[in-house]
Structures are given as structure tokens and as C-alpha cells.
Amino acid sequence: MYKVFGSPKTRTFRVIWMLEELGQPYDIVPTMPRSEDAIARNPSGKVPILEVDGVPVTDSVAICTYLADKHGAVTHPAGSLARAHQDSVTQFIVDEIEGALWTAAKHRFALPEPLRVPEIKETCRSEFAVGMERLLARLGDKPFAIGETFTVPDLLAGHCSVWAANAKFDIPEGPLSAYFARVCARPAFEKAVHVRDSVS
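Residues numbered from 1 in each chain as written. Predicted model: local features only at pLDDT ≥ 70, side-chain atom pairs only at ≥ 80, totals over all residues. Heavy atoms only, no water.

With respect to the pattern of salt bridges
When charged atoms on two side chains of opposite charge get close, those side chains can pair.
And step 1. Enumeration according to the criterion identifies nine salt bridges in this entry.
And step 2. One salt bridge connects E21 with R186, and the closest N-O pair in it is separated by 2.8 Å. Residue E21 is found in helix α1 (residues 12-22), and its partner R186 is found in the loop between α7 (175-184) and α8 (187-198); the two are separated by 165 residues along the sequence.
And step 3. We note a salt bridge from R83 to D69, for which the minimum N-O separation is 2.8 Å. Of this pair, R83 sits in helix α4 (residues 81-110) while D69 is found in helix α3 (residues 60-71), placing the two residues 14 residues apart along the sequence.
And step 4. D69 sits in the partly exposed class, given a relative accessible area of 36%.
And step 5. One continuous salt-bridge network, built from bridges that share partners, spans R11, R14 and E98. (Salt bridge = Lys/Arg side-chain N within 4 Å of Asp/Glu carboxyl O. Helix = DSSP H or I, 4+ residues; strand = E, 2+ residues; numbered from the N terminus. Buried < 20%, exposed > 50% of the residue type's maximum accessible area, 1.4 Å probe, protein only.)

Here you go:
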């Protein structure tokens, strides 16, 4: 039984989705970022945190990659060229898509108010649009990021699409919107949404 510390309305959602994809049991311990419980397990105070045999694993991308590797699903084998490509797309999503979303979010609520620059959101929108163009080029005519199989970067991209919709960032119609719809139509995603909406 895994223990997940965080709020399903944060990046913790990714870990819940991954655990649902893998069919693994878990408990959620509602934990807000920078709370005492979070800082006790992660010096940065960030969530999610996955506790495995009493040992905390931090960072949503690292957690999802660990779980996929451990259970041998939603990933290509470490050391394979397919895995190198998978990790490349994962890093691209974190840098060029999530980066724009998180920068905009920081200037909306996360940074101390004197440091917030609301106007930066337009720059973030522009960077996000470029990220969408590059994602489309990487996808080509493949159903998923690496080909026929749903893997870690698809899960991250799907979560970013939900984040983008909530932040009112534009997702281009056509192949990209169809890709995100396909990713978010997965039963495990729907289960994770149910969990998110059920946990206070």
C-alpha cells in the first residue's frame, strides 16, 4: 500500500493517476504545500510525496517514473532507445510546457505578493503556444508521445492540458486537442478525477 502526501488538486494528481494506471492500492494523506507534514518529508515543502516503506520519494516526475519502472508498465525499459526518447519527451514537457504554466501560476499566487508580475502571463502564454507547436511536431501522426503505447510523458502532458484549461491557456484545435482528449479519456484518468473531486 502506497501512501501519497499532497492535495489531488496539485501535481499530486499525477501520482494518483499513475497509481490508477498501474492498479496499485494507495492511501492519500491530505497535505498542503509548505505545511509541517510536507516539510518533514521534503525540505522544499513541495508535494506530492510518495512514502514507500517509510521512505519519502519526492517530485512528481521522479515519482511517476519510479512507479512505472517498479511495476514495469507505462514505460519503456531503462537503457533502451525508446526509453531515451521517452525521457527526452518527458524533459521537454517539463521544460517547455509545464514551465510556462508554473511560471504563470507562481506570479498569480505562489510568490510573495511584492514579487508578482501579473503581466508575465502574456509571455507565458506565448511560450506555451510555442511548446504546443513543438509537441505537435514531436507527435507527428503517432497516437501517443512515443508511438502506440501510453507512457509517462503522455500522463504528464495530459495533466498539463487540464492545468492549461484551468489557467485559460489556449490548446490548438485539431491533432493536439484530439491527442489530449485521447489521453484524458483513459479509465485511470477518470478514476483519478473522481478521487480528486472526492478528497477535500
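Section: the side chain of H107
And step 1. Positionally, H107 belongs in helix α4.
And step 2. A relative accessible area of 16% means that H107 is categorised as buried.
And step 3. Discounting chain neighbours no more than four positions away, the residues touching H107 are L115, R116, V117 and I120. (Contact = heavy atoms within 4.5 Å.)

Focus on unusual backbone geometry
Outside of glycine, negative phi angles account for most residues, and trans bonds account for most peptide bonds.
And step 1. At the junction of V47 and P48, the peptide bond is cis and its omega measures out at 10° in the coordinates.
And step 2. In this fold, P48 is placed in the loop between α2 (36-41) and β3 (49-52).
And step 3. A positive phi angle is found at D59, which is not glycine, with a value near 80°.
And step 4. With respect to the secondary-structure elements, D59 resides in the loop between β4 (55-58) and α3.
And step 5. Taking the relative accessible area as the measure of exposure, D59 reaches 53% and is therefore exposed.
And step 6. With a phi angle near 65°, K168 is a residue other than glycine that sits in the positive phi range.
And step 7. Looking at where K168 falls in the secondary structure, it is placed in the loop between α6 (152-167) and α7.

Section: the nonpolar core
When a protein is soluble and globular, its nonpolar side chains tend to lie buried together.
And step 1. With 54 residues, the main nonpolar core has W17, M18, L67, L135 and Y179 as its most contacted residues.
And step 2. Among all residues touching W17, those that are not within four sequence positions of it are F150, L155, G158, H159, V183, A188, F189 and A192. (Core = buried A, V, L, I, M, F, W, Y, C linked by side-chain atoms within 4.5 Å.)

Describing the packing of α6 against α7
And step 1. Here α6 crosses α7 at 105°, and the two axes come no closer than 9 Å. Classified by the interaxial angle, the pair formed by α6 and α7 is roughly perpendicular. Here P153, D154, A157, G158, S161 and V162 of α6 come into contact with α7, specifically with Y179, F180, V183 and C184.
And step 2. Looking at the contact of α6 with α7 residue by residue, the class counts come to seven nonpolar, two polar and one charged. (Axes fitted to C-alpha atoms, helices over the stretch in contact; angles between N-to-C directions. Parallel < 35°, antiparallel > 145°, perpendicular 65-115°, else oblique. Nonpolar A, V, L, I, M, F, W, Y, C, P; charged D, E, K, R; others polar.)

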